[in-house]
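# Remarks on the overall topology
These are the residues of each chain, in order.
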Amino acid sequence: KEKEVVVLALKFKKIKIQVVKAEDLSKDAFKAGVKLGEELLKNDGTAPEFLLIFPCGLGIAFDVFLKGIKQKLGEETNILGGGTGDSMALKSGGRQFYNNQVLEDSVVGVGFWDGFKMAIQAEHGWEPLGLPMKITKAEGIFVSEIDNKPASQIFERYFTKEEIMDPKFFSPQGEGILYPLGIISEEPKRTIVRQVVGVTEKGELICA
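Residues numbered from 1 in each chain as written. Predicted model: local features only at pLDDT ≥ 70, side-chain atom pairs only at ≥ 80, totals over all residues. Heavy atoms only, no water.

The subject of this paragraph is the pairing of strand 11 (residues 190–194). Bridge analysis of strand 10 (residues 181–185) against strand 11 gives five bridges, and the strand direction is antiparallel. Counterpart to I183 in the pairing with strand 11 is I192. Hairpin connection of strand 10 to strand 11: four residues between the antiparallel strands. (Pairing = 2+ DSSP bridges. Helix = DSSP H or I, 4+ residues; strand = E, 2+ residues; numbered from the N terminus.)

This is the structure:
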(Lines give C-alpha, C1' and ligand atoms only; values in the text may rest on other atoms or scores of the structure.)
Protein backbone atom coordinates (compact mmCIF):
# COMPACT_ATOMS: atom_id res chain seq x y z
CA LYS A 1 0.00 0.00 0.00
CA GLU A 2 1.05 3.61 -0.50
CA LYS A 3 1.45 6.38 2.09
CA GLU A 4 1.29 3.93 4.98
CA VAL A 5 3.69 2.46 7.51
CA VAL A 6 3.93 -1.21 8.44
CA VAL A 7 5.47 -2.14 11.80
CA LEU A 8 6.59 -5.66 12.76
CA ALA A 9 7.22 -6.31 16.47
CA LEU A 10 9.11 -9.42 17.60
CA LYS A 11 9.67 -10.76 21.10
CA PHE A 12 11.57 -13.92 22.03
CA LYS A 13 12.27 -15.67 25.32
CA LYS A 14 15.59 -17.15 24.19
CA ILE A 15 16.70 -15.66 20.88
CA LYS A 16 19.28 -12.85 21.07
CA ILE A 17 18.89 -9.97 18.60
CA GLN A 18 21.32 -7.22 17.56
CA VAL A 19 20.60 -4.33 15.18
CA VAL A 20 23.54 -2.90 13.23
CA LYS A 21 24.16 -0.53 10.32
CA ALA A 22 26.74 0.31 7.64
CA GLU A 23 26.79 3.48 5.55
CA ASP A 24 28.06 4.59 2.10
CA LEU A 25 26.74 1.45 0.45
CA SER A 26 26.98 2.71 -3.15
CA LYS A 27 30.47 4.13 -2.62
CA ASP A 28 31.99 0.74 -1.72
CA ALA A 29 29.53 -2.16 -1.44
CA PHE A 30 32.21 -4.66 -0.40
CA LYS A 31 33.52 -2.41 2.38
CA ALA A 32 29.97 -1.83 3.64
CA GLY A 33 29.44 -5.60 3.78
CA VAL A 34 32.66 -6.06 5.74
CA LYS A 35 31.64 -3.26 8.12
CA LEU A 36 28.23 -4.84 8.74
CA GLY A 37 29.89 -8.18 9.46
CA GLU A 38 32.34 -6.56 11.88
CA GLU A 39 29.50 -4.88 13.78
CA LEU A 40 27.72 -8.22 14.18
CA LEU A 41 30.86 -9.84 15.60
CA LYS A 42 31.58 -7.13 18.19
CA ASN A 43 29.81 -8.73 21.16
CA ASP A 44 31.37 -12.17 21.47
CA GLY A 45 32.88 -12.85 18.04
CA THR A 46 30.14 -15.35 17.12
CA ALA A 47 28.42 -14.99 13.76
CA PRO A 48 24.60 -14.87 13.85
CA GLU A 49 22.68 -17.91 12.69
CA PHE A 50 20.31 -15.70 10.70
CA LEU A 51 20.74 -12.18 9.30
CA LEU A 52 17.87 -9.99 8.11
CA ILE A 53 19.10 -7.08 5.96
CA PHE A 54 17.46 -3.93 4.57
CA PRO A 55 19.90 -2.24 2.15
CA CYS A 56 19.40 0.79 -0.08
CA GLY A 57 17.73 -0.74 -3.11
CA LEU A 58 19.07 1.24 -6.06
CA GLY A 59 22.47 1.27 -7.77
CA ILE A 60 24.04 -1.33 -5.48
CA ALA A 61 26.11 -4.36 -6.53
CA PHE A 62 24.45 -6.77 -4.09
CA ASP A 63 26.66 -9.73 -4.99
CA VAL A 64 29.73 -7.65 -4.04
CA PHE A 65 27.99 -6.48 -0.85
CA LEU A 66 27.21 -10.08 0.16
CA LYS A 67 30.81 -11.13 -0.47
CA GLY A 68 31.88 -8.50 2.06
CA ILE A 69 29.46 -9.83 4.68
CA LYS A 70 30.51 -13.44 4.12
CA GLN A 71 34.20 -12.56 4.35
CA LYS A 72 33.54 -11.66 7.98
CA LEU A 73 30.73 -14.05 8.94
CA GLY A 74 31.56 -17.09 6.81
CA GLU A 75 29.05 -19.18 4.87
CA GLU A 76 26.97 -20.56 7.75
CA THR A 77 24.81 -17.48 8.41
CA ASN A 78 21.49 -17.59 6.55
CA ILE A 79 20.83 -14.18 4.96
CA LEU A 80 17.43 -12.83 3.92
CA GLY A 81 16.16 -9.35 3.18
CA GLY A 82 15.06 -6.81 0.62
CA GLY A 83 16.11 -3.44 -0.75
CA THR A 84 14.37 -0.25 0.30
CA GLY A 85 13.14 1.99 -2.50
CA ASP A 86 10.34 3.86 -4.21
CA SER A 87 8.50 0.89 -5.67
CA MET A 88 9.19 0.85 -9.42
CA ALA A 89 9.82 4.59 -9.93
CA LEU A 90 13.56 3.72 -9.68
CA LYS A 91 14.57 7.25 -8.70
CA SER A 92 15.45 6.66 -5.05
CA GLY A 93 16.99 3.91 -2.96
CA GLY A 94 14.57 4.79 -0.18
CA ARG A 95 15.39 5.34 3.49
CA GLN A 96 16.77 2.95 6.08
CA PHE A 97 15.71 3.26 9.72
CA TYR A 98 18.19 2.55 12.52
CA ASN A 99 16.92 3.26 16.05
CA ASN A 100 16.16 7.01 15.96
CA GLN A 101 18.13 7.68 12.76
CA VAL A 102 16.83 7.97 9.20
CA LEU A 103 19.60 6.99 6.76
CA GLU A 104 20.22 7.01 3.02
CA ASP A 105 22.62 4.87 0.97
CA SER A 106 22.98 2.56 3.95
CA VAL A 107 22.11 -0.93 5.12
CA VAL A 108 20.49 -1.99 8.38
CA GLY A 109 20.91 -5.56 9.58
CA VAL A 110 19.28 -7.59 12.32
CA GLY A 111 21.26 -10.56 13.61
CA PHE A 112 19.65 -13.53 15.40
CA TRP A 113 21.53 -15.94 17.70
CA ASP A 114 20.91 -18.89 20.04
CA GLY A 115 18.90 -21.42 18.11
CA PHE A 116 17.14 -19.37 15.45
CA LYS A 117 16.16 -21.63 12.51
CA MET A 118 15.13 -20.33 9.12
CA ALA A 119 14.38 -21.88 5.74
CA ILE A 120 13.13 -20.29 2.53
CA GLN A 121 12.42 -21.44 -1.02
CA ALA A 122 11.57 -19.12 -3.88
CA GLU A 123 11.08 -19.59 -7.62
CA HIS A 124 10.58 -16.80 -10.16
CA GLY A 125 8.77 -18.75 -12.88
CA TRP A 126 10.60 -17.08 -15.81
CA GLU A 127 11.57 -19.25 -18.79
CA PRO A 128 14.69 -18.51 -20.91
CA LEU A 129 13.93 -17.15 -24.40
CA GLY A 130 16.37 -17.35 -27.33
CA LEU A 131 19.84 -18.85 -27.72
CA PRO A 132 22.43 -18.74 -24.91
CA MET A 133 24.82 -15.77 -24.96
CA LYS A 134 27.91 -14.95 -22.92
CA ILE A 135 28.52 -11.80 -20.90
CA THR A 136 32.05 -10.87 -21.97
CA LYS A 137 32.45 -7.64 -19.98
CA ALA A 138 30.71 -6.41 -16.84
CA GLU A 139 31.44 -4.51 -13.65
CA GLY A 140 29.11 -4.05 -10.69
CA ILE A 141 25.59 -3.41 -11.98
CA PHE A 142 26.78 -2.53 -15.52
CA VAL A 143 26.80 -5.17 -18.29
CA SER A 144 29.03 -3.71 -21.03
CA GLU A 145 29.39 -6.49 -23.58
CA ILE A 146 27.49 -9.63 -24.53
CA ASP A 147 29.21 -11.92 -27.04
CA ASN A 148 31.91 -9.20 -27.41
CA LYS A 149 29.37 -6.65 -28.67
CA PRO A 150 27.72 -3.69 -26.91
CA ALA A 151 25.19 -5.24 -24.54
CA SER A 152 22.32 -2.99 -25.66
CA GLN A 153 22.37 -4.68 -29.09
CA ILE A 154 20.43 -7.65 -27.71
CA PHE A 155 17.44 -5.30 -27.36
CA GLU A 156 18.11 -3.60 -30.73
CA ARG A 157 17.19 -6.89 -32.42
CA TYR A 158 13.57 -6.25 -31.45
CA PHE A 159 13.31 -2.49 -30.73
CA THR A 160 14.81 0.68 -32.20
CA LYS A 161 17.73 2.40 -30.46
CA GLU A 162 15.50 5.42 -29.84
CA GLU A 163 12.97 3.23 -28.02
CA ILE A 164 15.67 1.64 -25.85
CA MET A 165 17.24 4.99 -24.88
CA ASP A 166 13.87 6.40 -23.81
CA PRO A 167 13.89 6.49 -19.95
CA LYS A 168 10.37 5.06 -19.96
CA PHE A 169 11.37 1.93 -21.91
CA PHE A 170 12.65 0.03 -18.84
CA SER A 171 10.06 1.56 -16.48
CA PRO A 172 6.82 -0.16 -15.39
CA GLN A 173 5.10 1.67 -18.26
CA GLY A 174 7.59 0.44 -20.89
CA GLU A 175 8.13 -2.81 -22.75
CA GLY A 176 11.71 -3.37 -21.62
CA ILE A 177 10.66 -4.40 -18.12
CA LEU A 178 9.14 -7.53 -19.67
CA TYR A 179 12.59 -8.73 -20.84
CA PRO A 180 14.98 -9.21 -17.90
CA LEU A 181 18.31 -10.99 -18.28
CA GLY A 182 18.33 -14.67 -17.38
CA ILE A 183 21.78 -15.56 -16.04
CA ILE A 184 22.54 -19.28 -15.91
CA SER A 185 24.20 -20.52 -12.73
CA GLU A 186 25.85 -23.94 -12.86
CA GLU A 187 26.20 -24.63 -9.10
CA PRO A 188 23.34 -25.09 -8.36
CA LYS A 189 21.77 -25.25 -11.82
CA ARG A 190 19.29 -22.39 -12.02
CA THR A 191 18.37 -19.22 -13.93
CA ILE A 192 18.94 -15.99 -11.99
CA VAL A 193 16.75 -13.13 -13.20
CA ARG A 194 18.35 -9.66 -13.33
CA GLN A 195 16.07 -6.75 -14.20
CA VAL A 196 17.43 -4.17 -16.65
CA VAL A 197 16.48 -0.63 -15.60
CA GLY A 198 18.31 1.46 -18.20
CA VAL A 199 20.96 1.86 -20.90
CA THR A 200 24.00 4.18 -20.94
CA GLU A 201 25.23 6.12 -23.98
CA LYS A 202 28.02 3.52 -24.28
CA GLY A 203 25.45 0.75 -24.78
CA GLU A 204 25.85 -0.68 -21.25
CA LEU A 205 22.83 -2.30 -19.62
CA ILE A 206 22.14 -1.11 -16.07
CA CYS A 207 20.80 -3.87 -13.83
CA ALA A 208 18.60 -3.31 -10.80
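Another point: the environment of E2. One can find E2 in the segment before strand 1 (16–22). Residue E2 is classed as exposed on the basis of its relative accessible area, which comes to 70%. For the pair E2 and A119, spaced 117 residues apart in the sequence, the C-alpha separation amounts to 29 Å. (Buried < 20%, exposed > 50% of the residue type's maximum accessible area, 1.4 Å probe, protein only.)

Okay, unusual backbone geometry next. At D24, a residue that is not glycine, the phi angle is positive and equals roughly 55 degrees. With respect to the secondary-structure elements, D24 resides in the loop between strand 1 and helix 1 (29–40). A positive phi angle, near 55 degrees, is found at D105, a position not held by glycine. By the element assignment, D105 lies in the loop between strand 5 (101–103) and strand 6 (107–113).

A separate point is helix 1. Along its twelve residues, helix 1 runs 17 Å from first to last C-alpha, staying within 8% of the 16 Å computed at 1.5 Å per residue. All of the buried residues in helix 1 are A29, A32, G33, V34, L36, G37, E39 and L40. For helix 1, the secondary structure elements touched by its buried residues are strand 1, strand 2 (50–55), helix 2 (62–73) and strand 6. (Expected span 1.5 Å × (residues − 1). Contact = heavy atoms within 4.5 Å.)

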